Each structure stands twice: as structure tokens, then as C-alpha cells.
Amino acid sequence: LGWAHYQRGFKQGSVETADRDDAQSAIDAYGMAISLDPKLAELPDASRLYFSLALCDEAIESNDQALEAYKSALRLAPNKVLIPLHAARLRLKMKDEDKAMSNLTMAMDKARKSGHEGALIAAVQRDPSFAPLLANRAMRRMLGVAAPTQGGMVASNADFRGEEMRNSVRDAPAHVAVPAQDP
């Protein structure tokens, strides 16, 4: 039940746009599951429950509970890279830059060990929820990425000298050839 509420609440894909009622319903259902089975022995991967619980806590702005849920998820799945990465994002939101950097370092170390460093960096650059990490100079340096441009996209290999751009800055309509008359 908690997973269903979580899925419905996070259809938009980010903590900021999550449905708060569904997030609270997921928290309640997860709490009931934890009280019935504190070791979550019935679940194949209990870290997923704590990870989604952390995101739900974050959605309703219970940041301290979210951090505890991230810690529980990390204890159950110490090799998962996304857990400390999301914890870094939350700690940065909470203005705790030192611990955010520590979590990001942990995520990068785990990614390097598993050979997924490139995938982690690509995920951070692609996901708008990690924009605060990219806005922080020290964290960008840790990730090894350049500063984001104002428009969000870098057009380093674009060639604007070609004919296809000639009329795009002119107010006059493009000259269109009239088809020849059929004799």
C-alpha cells in the first residue's frame, strides 16, 4: 500500500512536485509495515522502503526524519550510490554544506568502486532535482563537471554560420520560389 501511494505521489518525478497527501499516506503505510515487521524480513530489498520513505518525508518537509530514513536505507544497502547522493541533495537544501559534501564524496567513492562514476555524473546532470549540487562550486569540482550555462544547455558544437539560420534573425519573410506554371 505504501509503495502504491509513493508511486502515485511521485508521478511528476521530484520531491518538490510530489503530492503531499499521497506522500503522507505512504509514510503512514510504511510506518505500519515497519511496526508489524521491524526487520522487514518479508521484503526482498528493505532499503527501497526506507529510500522511498525518505523521499516521502522530504516531500512533506520532515527533513530530519528523511535523513534518518536515508541512514536506514544506507545501512541496509551500503553499496547503492543513489542513497548518499539524495542525502547530499537534502543536506544541501538544509544548508549543511559540510555533510552534503561528505555524502557526495561517499556517493562518488561508491560509484568509482563499482565502475559507475560516469553514470552517476550523467544522472546528476540530467536530473533537475540535483541542480543545487551543480550550482555549488565545490560539488561541481568533486563531480568534475563544468558550470551550467544560463539556458541549461551547452551548444559548444553548434555552427550558426549556415544558410538555415540566415532568415531566422530577419523580419522579412523568406523568399519562396513560385512553382512554374504547367504549360
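Note: the structure precedes this text.
**Regarding the packing of aromatic side chains**
What the rule picks out here adds up to 3 aromatic pairs. The interplanar angle of 35° and the centroid separation of 5.1 Å between the aromatic rings of Trp-3 and Tyr-6 together place this pair among those described as tilted. Taken as a pair, Trp-3 and Tyr-6 lie in helix 1 (residues 2–9) at a separation of 3 residues, close to a single helical turn. By relative accessible area, Tyr-6 is classed as buried at 13%. Note on Tyr-6 and Phe-10: the rings are 4.8 Å apart at their centroids and 35° apart in plane angle, and the pair reads as tilted.

**Overview of helix 3 (residues 46–59)**
The terminal C-alpha atoms of helix 3 lie 20 Å apart, and with 14 residues this matches the ideal 20 Å at 1.5 Å per residue to within 8%. Within two residues after helix 3, Glu-61 carries a phi angle of roughly 65°, on the positive side.

**Quick word on the packing of helix 4 (residues 63–76) against helix 5 (residues 82–93)**
Two numbers describe how helix 4 lies on helix 5: the axes approach to 10 Å, and their chain directions differ by 160°. By the angle between their directions, the pair helix 4 and helix 5 is classed as roughly antiparallel. Both helix 4 and helix 5 take part in a crossing whose hand is left-handed. For the pair formed by helix 4 and helix 5, the contact residues are Asn-63, Ala-66, Leu-67, Tyr-70, Lys-71, Ala-73 and Leu-74 on the first element and Ile-83, Pro-84, His-86, Ala-87, Arg-89, Leu-90 and Arg-91 on the second. For the contact of helix 4 with helix 5, the residue count by class is 9 nonpolar, 2 polar and 3 charged.

**Focus: the nonpolar core**
Counting 29 residues, the largest nonpolar core has Tyr-6, Phe-10, Leu-55, Cys-56, Tyr-70 and Ile-83 as the members making the most contacts within it. Mapped by element, the contributors of at least two residues to this core are helix 2 (20–36), helix 3, helix 4 and helix 5. Not counting residues within four places of it along the chain, the set of residues in contact with Tyr-70 comprises Phe-51, Ala-54, Leu-55, Glu-58, Ile-83, His-86, Ala-87, Arg-89 and Leu-90. The next biggest cluster of nonpolar side chains, apart from the first, holds 18 residues, and it includes Ala-111, Leu-120, Ile-121 and Met-139.

Criteria and thresholds
Residues numbered from 1 in each chain as written. Predicted model: local features only at pLDDT ≥ 70, side-chain atom pairs only at ≥ 80, totals over all residues. Heavy atoms only, no water. Phe/Tyr/Trp six-rings, centres within 6.5 Å; stacked < 30°, edge-to-face > 60°. Helix = DSSP H or I, 4+ residues; strand = E, 2+ residues; numbered from the N terminus. Buried < 20%, exposed > 50% of the residue type's maximum accessible area, 1.4 Å probe, protein only. Expected span 1.5 Å × (residues − 1). Axes fitted to C-alpha atoms, helices over the stretch in contact; angles between N-to-C directions. Parallel < 35°, antiparallel > 145°, perpendicular 65-115°, else oblique. Left-handed = near helix turned anticlockwise from the far one by under 90°. Contact = heavy atoms within 4.5 Å. Nonpolar A, V, L, I, M, F, W, Y, C, P; charged D, E, K, R; others polar. Core = buried A, V, L, I, M, F, W, Y, C linked by side-chain atoms within 4.5 Å.

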